[in-house]
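Fold and contact review
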Amino acid sequence: MDYTANLRKLYALRFFSSLIPAYVIERLFWEERGMTIQMVVYTEIIYALTIVFLEIPTGIMADKWGRKKMLVLSALLGCSEFLMLLFATEFWHFALVVFLAGVSRSASSGSENALLYDSLMLQGKASSYEKQLGRLNACDFVSAILAALCGSLLASKYGLELNYWISFGSALIALTLSILLIEPSAASEDNSVNEVIPFKTYVAVSLRFFRTNPSVSLVMLSAMVTGAAMGYIEEFWQLYVSRLGIPVAYFGVLSAAIMLLQLPGNLMAHLLLGWFSYRALIFIIMVVFAVGFTYVAISKDFIGLSAMFIICLFSGVMEPIASGYLHHRTHSSMRATIDSFQSLGENLVHTLAGLGFGYFASKYDVFGGYGFIALLCYAFLVWFIGASRKIE
């Protein structure tokens with residue numbers, strides 16, 4: 001069977017999954033419905049905890065019963081999420097929505113990467129995984145940029161709610177595409193063999209894998225910290241630029257810039273691995289994050305915004321190199337489960353960081369929250385310098 005079609009469908013699925021103009025005005029929409037910064041942080045913690053509890057079980061289900069099924073479930077929950085947000089008015093409404101979003105994220109995180117890698121492996125192209133993942137991420141960003149540009153214009157002319165109806169339509173298309181995906185035969189064979197294996201065995205084997213591969217654990221931890229830190233740019237940049245006095249009509253351009261700056265890193269990650277070692281690349285990225293978030297917190301002006309843009313520029317390199325480092329060392333029968341551990345760890349870090357971010361944001365506004373993220377990055381950088389000799 002020709003699995004090239006899977007790549008085309010994954011590109012289309014990424015495109016429509018990210019064609020969500022609601023995201024560009026999400027925090028303003030929530031604020032309009034009475035949600036404070038601290039309430040938003042609480043929903044972020046609910047989202048992260050949902051992933052913490054469900055990430056590994058859904059990864060195991062993807063390995064046992066098929067990656068396509070989990071992607072269909074994820075897309076179905078995505079449709080429900082936007083439909084519910086249109087009628088959300090109370091905190092518990094938003095809490096339920098982010099819970100469903102967490103289930104959706106858990107179902108897709110390990111499944112998509114595993115399906116991509118196995119599809120490439122069956123074509124004899126597994127070595128191009130970083131390149132293809134970077135291109136998928138680029139497709140993701142291009143779609144999100146288009147959505148952001150259109151979304152800000154639509155919001156300024158027709159109000160915030162219209163963007164959610166458009167996002168719901170895009171989510172329906174993504175659901176259709178996920179149904180059309182082909183399950184890789186190698187994964188299906190592994191599933192039939194391992195179907196009787198208990199869930200706890202998957203967890204035990206996964207933990208043993210990380211214990212016997214300390215370099216993988218360190219690379220994954222680096223991706224967790226940078227991913228969690230980037231999450232607070234993606235979630236709260238709207239409030240940051242609002243405090244700088246920038247009108248909502250420009251939010252689409254700024255959102256597009258944040259995503260556009262992540263494109264070069266994703267597209268060039270596989271090339272950079274030929275020029276730098278994993279250790280050097282991760283060290284450079286962590287230094288940029290630590291110093292960048294310091295400027296974001298201290299410079300309450302356009303210098304801080306420029307620092308935010310620089311962080312975005314370097315962040316794009318991390319996911320492809322970390323994911324490739326993991327998948328090249330993982331067997332197909334455990335691929336989704338092992339991949340899920342990264343998302344699990346990232347959301348654990350995101351949850352812990354959210355407590356500090358919410359506390360300092362409540363005292364010193366969003367700038368104080370970013371100051372806490374800077375301290376977190378400095379702490380990890382110091383530890384990484386001593387531990388990074390383990391990286392191959």
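Reference entry: report on the structure contained in this document. These figures come from a predicted structure and were not determined experimentally. (Residues numbered from 1 in each chain as written. Predicted model: local features only at pLDDT ≥ 70, side-chain atom pairs only at ≥ 80, totals over all residues. Heavy atoms only, no water.)

The number of helices and strands found in the chain is 16 helices and 0 strands. A compact globule built from 392 residues would reach a C-alpha radius of gyration of about 21 Å, and the chain, at 20 Å, matches this within 12%. Along the longest, intermediate and shortest principal axes, the C-alpha atoms of the chain span 55 × 45 × 35 Å. The buried share of the chain, taken over its 392 residues, is 58%. Summarising the internal contacts of the chain: among those between residues at least 6 apart in sequence, 86% fall at separations of at least 24. (Helix = DSSP H or I, 4+ residues; strand = E, 2+ residues; numbered from the N terminus. Rg over C-alpha atoms; globule rule 2.2 N^0.38 Å. Buried < 20%, exposed > 50% of the residue type's maximum accessible area, 1.4 Å probe, protein only. Contact = heavy atoms within 4.5 Å.)

Counted under the stated rule, the structure contains 3 salt bridges. Between E112 and R14 there is a salt bridge, and its shortest N-O distance comes to 3.0 Å. In this pair, E112 sits in helix α5 (residues 91-122) while R14 sits in helix α1 (residues 4-18), placing the two residues 98 residues apart along the sequence. The same class applies to E112 as to R14, namely buried. Taking the shortest distance from any N to any O, the salt bridge between D140 and R14 comes out at 3.5 Å. With D140 in helix α6 (residues 129-158) and R14 in helix α1, this residue pair connects regions lying 126 residues apart in the sequence. Several salt bridges converge on common partners, so that one network encompasses R14, E112 and D140. (Salt bridge = Lys/Arg side-chain N within 4 Å of Asp/Glu carboxyl O.)

As for its position among the elements, T58 is in helix α3 (residues 37-65). Assessed through its relative accessible area of 5%, T58 is described here as buried. Polar side-chain contacts of T58 include one of 2.8 Å to the backbone oxygen of L54. A distance of 2.9 Å separates the side chain of T58 from the backbone oxygen of S106, its partner in a polar contact. If we ignore the near neighbours within four places in the chain, the residues touching T58 are M70, S106 and A107. (Polar contact = N/O pair within 3.5 Å; in protein donor to acceptor, adjacent residues only side chain to side chain.)

The next point concerns the packing of aromatic side chains. Overall, the coordinates contain 11 aromatic pairs when judged by the stated rule. For the ring pair F15 and F16, a centre distance of 5.2 Å and an interplane angle of 85° mean the geometry is edge-to-face. Judged by relative accessible area, which is 23%, F15 ranks as partly exposed. An angle of 55° between the planes, with centres 6.5 Å apart, marks the rings of F82 and Y164 as tilted. Of this pair, F82 sits in helix α4 (residues 67-85) while Y164 sits in helix α7 (residues 162-179); the two residues are 82 residues apart in sequence, bridging distant segments of the chain. On the accessibility criterion, Y164 (0% relative accessible area) is buried. Of the aromatic side chains, those joined through ring pairs into one cluster are Y232, F289, F293, F357 and Y370. (Phe/Tyr/Trp six-rings, centres within 6.5 Å; stacked < 30°, edge-to-face > 60°.)

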